[in-house]
Amino acid sequence: MKNRVKEKLKNGEKSVGAFVGIYSPEMVEMLGHAGFDFLVIDDEHGAFSPRDLENMIRAAECVDLVPIVRVAYDPSSIQKALDRGAKGIQVPMVNNREDAERVVQRVKFPPLGQRGANYTTRPARYGKDHGIGFLDAADDQILVIVHIETPEAVANFEEIVSVPGIDMAFIGPTDLSISMGYKEEGARHPEVQKTIAQLRERAQQQNIPLGNIAANPASVRQELENGTAFVAVVITSVMMSAFYEVVEAGIRND
Ligand code: 3PY
Ligand code: MG
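For the protein, the name recorded in an unreviewed UniProt entry is HpcH/HpaI aldolase/citrate lyase domain-containing protein, with Brevibacillus nitrificans as its organism. What UniProt records for the protein under Sequence similarities (unreviewed entry) is the sentence "Belongs to the HpcH/HpaI aldolase family."

Dropping the structure here:
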């Protein structure tokens, strides 16, 4: 169970992916064929049943996309996503060391964590994989990502990312700007931009890769140039801008 994105991170390479909150294995296949590296199945905001999650993950595996699940943060959601076959877990609203430690406890098997083992599940190939081989591979390959999206998380950044087992810090610009009080201006507000720029420097000092959202193709490039290791577009934004383009073209032709 090699995790291509985790390997890339270790080698200092960058990855581009997409958040998907709509149930569509076909769209997952399209992302894979288009050449994306990873998929974040958004189970914080999306409408997925456990079965839907599993089918999205299965589709990602068919096209060599790394399936990551952004969980709605309660501890059991991490176990459930991992047992469906998620190769990465992305956890919103991680605000301090204790939150980060709780995430690691849920993702890793003992001794580092307290994840429950069961070899009859999909990721263990229904019993074909078991014992130390399965346990160590899972601990080694599953990517653990925490969202930094509140002033408290910003203040505690160093202690969050230094928790053993945390692989990456992901900036949540929308929640960060709202929780900083910039509900109208959003992430464009200079204070939010300044905070994000400072997080970049602090991440570099801590030697922790940073992830971020990109609003459009130009900002994918900008993020990569800024050193962001893991850049994700949001599929609904990409689709809506394509739809607006078509509608505008139609209006101009009227
Ligand atoms: C945010 O911007 O708050 C996010 O969580 C990104 O998806
Ligand atoms: Mg968020």
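So much for the structure itself; the text now carries on.
> Hey, could you run me through the packing of helix H4 (residues 75-84) against helix H5 (residues 97-107) in this one?
Angle between the axes and distance between the axes: these two values describe a pair of packed helices. It is the contact of H4 with H5, at a shortest axis distance of 9 Å, that shows an interaxial angle of 35°. As for the relative orientation of H4 and H5, their crossing is right-handed in sense. Every residue of H5 that contacts H4 at Pro 75, Ile 78 and Leu 82 is listed here: Val 103, Arg 106 and Val 107. Here the residues of the contact of H4 with H5 are counted per class, giving five nonpolar, no polar and one charged.

> Can you walk me through the packing of aromatic side chains in this structure?
Aromatic rings considered in pairs are described by the distance between their centres and by the relative angle of their planes. By the definition in use, this model includes five aromatic pairs. Ring geometry for Phe 19 versus Phe 170: centroids 5.8 Å apart, planes at 55°, classification tilted. In this pair, Phe 19 sits in strand E1 (residues 15-20) while Phe 170 sits in strand E6 (residues 168-171), placing the two residues 151 residues apart along the sequence. Comparing Phe 19 with Phe 170 shows no difference in burial state: the two are buried. Taken together, the aromatic side chains of Phe 19, Phe 38, Phe 170 and Phe 230 make up a single cluster linked through ring pairs.

> Help me understand the UniProt feature "domain: HpcH/HpaI aldolase/citrate lyase" (unreviewed entry) in the protein, please; the structure alone is not making it clear to me.
Feature annotation in UniProt places "domain: HpcH/HpaI aldolase/citrate lyase" (unreviewed entry) on residues 17-236, given in this structure's numbering. Measuring from the first to the last C-alpha atom of residues 17-236 gives 13 Å, for a span that is 45% helix and 17% strand.

> How should helix H2 (residues 25-34) be read in this particular structure?
Helical geometry: 3.6 residues make up each α-helical turn, so side chains three or four residues apart lie on a common side. Pro 25, Met 27, Val 28, Leu 31 and Gly 32 are the residues of H2 that are buried. Buried residues of H2, viewed axially, fall in a sector of 160°; they line one side. In this structure, H2 carries Glu 26, Met 30, His 33 and Ala 34 as exposed residues pointing more than 90 degrees from its buried face. Phi for Gly 35, located one or two positions after H2, is positive at around 110°.

> I would appreciate a short explanation of the site of ligand 1 in the present structure.
Taken together, Phe 19, Arg 70, His 147, Glu 149, Gly 172, Pro 173, Thr 174, Asp 175 and Ile 213 make up all the residues around ligand 1. Residue Arg 70 places a side-chain N or O atom 2.7 Å away from an oxygen atom belonging to ligand 1. In this structure, Pro 173 approaches ligand 1 through a main-chain N or O atom, which is 3.1 Å from an oxygen atom. Burial of ligand 1 by the protein chains amounts to 91% of its free accessible area of 230 Å².

> How should the coordination of the magnesium ion (ligand 2) be read in this particular structure?
For a metal bound by four donors in tetrahedral geometry, the ideal donor-metal-donor angle is 109.5 degrees, whereas six donors in octahedral geometry ideally sit at 90 or 180 degrees. Here the magnesium ion (ligand 2) is held by the protein donor atoms Glu 149 (OE) and Asp 175 (OD), which lie 2.1 Å from it. One end of the pair, Glu 149, is in the loop between strand E5 (143-148) and helix H7 (151-155); the other, Asp 175, is in helix H9 (residues 173-179), with 26 residues separating them in the sequence. Accessibility expressed as a relative area gives 1% for Glu 149, which makes it buried. For Asp 175, a relative accessible area of 25% corresponds to the partly exposed category.

> Is there a simple way to think about the side chain of Ser 15 in this case?
With respect to the helices, strands and loops of the structure, Ser 15 is situated in strand E1. Beyond its immediate sequence surroundings of up to four residues, Ser 15 is in contact with Val 5, Lys 8, Asp 37, Phe 38, Ala 229, Phe 230 and Val 231.

> I keep staring at the pattern of salt bridges and nothing clicks. Help me out?
Once their charged atoms are close, side chains differing in charge can pair, the charge on each being opposite to the other. Here the structure, examined in full by the defined rule, presents 16 salt bridges. A salt bridge links Arg 4 to Asp 64; the shortest N-O distance between them is 3.6 Å. Taken together, the residues Arg 4 in helix H1 (residues 4-10) and Asp 64 in the loop between helix H3 (50-62) and strand E3 (66-70) connect sequence positions 60 residues apart. Between Lys 6 and Asp 167 there is a salt bridge whose closest N-O contact spans 3.3 Å. Placement of Lys 6 in helix H1 and of Asp 167 in the loop between helix H8 (157-161) and E6 is noted, with a sequence separation of 161 residues between them. With a relative accessible area of 6%, Lys 6 lands in the buried category. Beyond isolated ion pairs, a larger network of salt bridges with shared partners links Arg 4, Lys 8, Asp 37 and Asp 64.

Calculation rules
- Residues numbered from 1 in each chain as written.
- Chains lettered and ligands numbered in written order.
- Predicted model: local features only at pLDDT ≥ 70, side-chain atom pairs only at ≥ 80, totals over all residues.
- Heavy atoms only, no water.
- UniProt positions renumbered as here; feature names shortened; annotations may be inferred.
- Axes fitted to C-alpha atoms, helices over the stretch in contact; angles between N-to-C directions.
- Helix = DSSP H or I, 4+ residues; strand = E, 2+ residues; numbered from the N terminus.
- Left-handed = near helix turned anticlockwise from the far one by under 90°.
- Contact = heavy atoms within 4.5 Å.
- Nonpolar A, V, L, I, M, F, W, Y, C, P; charged D, E, K, R; others polar.
- Phe/Tyr/Trp six-rings, centres within 6.5 Å; stacked < 30°, edge-to-face > 60°.
- Buried < 20%, exposed > 50% of the residue type's maximum accessible area, 1.4 Å probe, protein only.
- Arc of directions from axis to C-beta.
- Near = heavy atom within 4 Å.
- Polar contact = N/O pair within 3.5 Å; in protein donor to acceptor, adjacent residues only side chain to side chain.
- Areas by Shrake-Rupley, 256 points an atom, 1.4 Å probe, with all protein chains shown as cover.
- Donors = N, O, S within 2.8 Å, 3.2 Å for Na, K, Ca; no water.
- Salt bridge = Lys/Arg side-chain N within 4 Å of Asp/Glu carboxyl O.

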